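One letter stands for each residue in the lines below.
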Amino acid sequence: MRRKLEPGRLVAATHNAGKVVELCDLFEPLGYQIKSAIELDLDEPEETEMTFTGNAILKARAAAIATGAPALSDDSGLAVNALGGMPGIYSARWAGQPRDFYRAMQKVETALQETGSDDRSARFICALAIVWPDDEELVFEGTVEGNLVWPPRGEQGFGYDPMFIATGEDITFGEMEPAKKHAMSHRADAFEKLKAYLL
Ligand code: ITT
């Protein structure tokens with residue numbers, strides 16, 4: 001039988017504050033109260049899988065085991081066509097430690113220029129997973145297509161948003177009102193699929 005997710009407390013298995021804001025925006029109107037791994041001081045598991053889906057399940061499973069509650073996770077990244085899909089699952093790692101996304105964007109731009117290609121198309125990908133404490137799991141992937149610009153523009157959002165323009169738009173996600181980004185993003189796409197299944 002299809003597992004339901006009752007409204008109530010939901011652990012967000014992420015240490016990324018930008019994601020927490022976006023996940024709250026998506027899930028709270030449905031009656032879920034998000035408690036993040038940051039607030040709960042959960043350990044950050046090492047992302048050892050080779051796919052967004054694999055890493056999303058790994059993170060949600062770790063949080064469900066640690067808390068005994070259903071956990072939601074998001075594994076996401078930027079896939080650049082001329083770079084064969086990189087940085088992909090390595091998107092956070094390209095920002096180094098401590099995370100510096102200007103540096104990560106610069107790295108993408110330099111790699112793009114080195115290809116000599118004028119193809120600046122890219123997509124954001126998001127795998128949203130829910131894992132229950134009895135290890136039942138559910139995962140959906142969403143995408144948003146677009147193009148990369150240089151230099152980066154805008155202070156909204158997080159990560160690679162200032163260099164990404166979604167297809168049909170003329171401003172970057174970094175310049176866009178959060179509500180508008182949250183309605184069209186890869187995260188929103190995955191969320192709509194999850195919602196259609198769960199509710
Ligand atoms: P958690 O694993 O704790 O959730 P993280 O930042 O390490 O946090 P990921 O491993 O999923 O998360 O890395 C995804 C990276 O991809 C993230 O750090 C951003 O730089 C980028 N990214 C994902 N979604 C994005 C978005 O909506 N806008 C801009 N960049 C995004």
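Structure shown above.
Not measured: the values here are computed from a predicted model. (Residues numbered from 1 in each chain as written. Predicted model: local features only at pLDDT ≥ 70, side-chain atom pairs only at ≥ 80, totals over all residues. Heavy atoms only, no water.)

(A) A look at the sheet that holds strand β5 (residues 137–148). The strand order across the open sheet built from 6 strands is β2-β1-β3-β4-β5-β6, with neighbouring strands paired in mixed fashion. If you trace the sheet from one side to the other, it starts and ends with β2 (33–36) and β6 (164–166), each paired once. Taken over all neighbouring pairs, the strand axes of this sheet differ in orientation by 35° on average, direction set aside. Where strand β4 (residues 121–131) lies against β5, 11 bridges are found, and the strand directions are antiparallel. Bridge pairing in β5 places Ala129 opposite Val139. Sitting on the sheet, helix α1 (residues 17–27) is in contact with β1 (9–12), β2, β3 (71–80) and β4, with an inclination near 120° to β3. (Pairing = 2+ DSSP bridges. Helix = DSSP H or I, 4+ residues; strand = E, 2+ residues; numbered from the N terminus. Axes fitted to C-alpha atoms, helices over the stretch in contact; angles between N-to-C directions. Contact = heavy atoms within 4.5 Å.)

(B) Examining the pattern of salt bridges more closely. Taken as a whole, this structure holds 18 salt bridges when the rule is applied. Residue Lys59 is joined to Asp75 by a salt bridge in which the shortest nitrogen-to-oxygen separation is 2.8 Å. Of this pair, Lys59 sits in helix α2 (residues 52–67) while Asp75 sits in strand β3; the two residues are 16 residues apart in sequence, bridging distant segments of the chain. As far as the burial class goes, Lys59 and Asp75 line up, both buried. Through salt bridges with shared partners, a single network forms among Lys19, Glu22, Asp74, Asp161, Lys181 and Arg187. (Salt bridge = Lys/Arg side-chain N within 4 Å of Asp/Glu carboxyl O. Buried < 20%, exposed > 50% of the residue type's maximum accessible area, 1.4 Å probe, protein only.)

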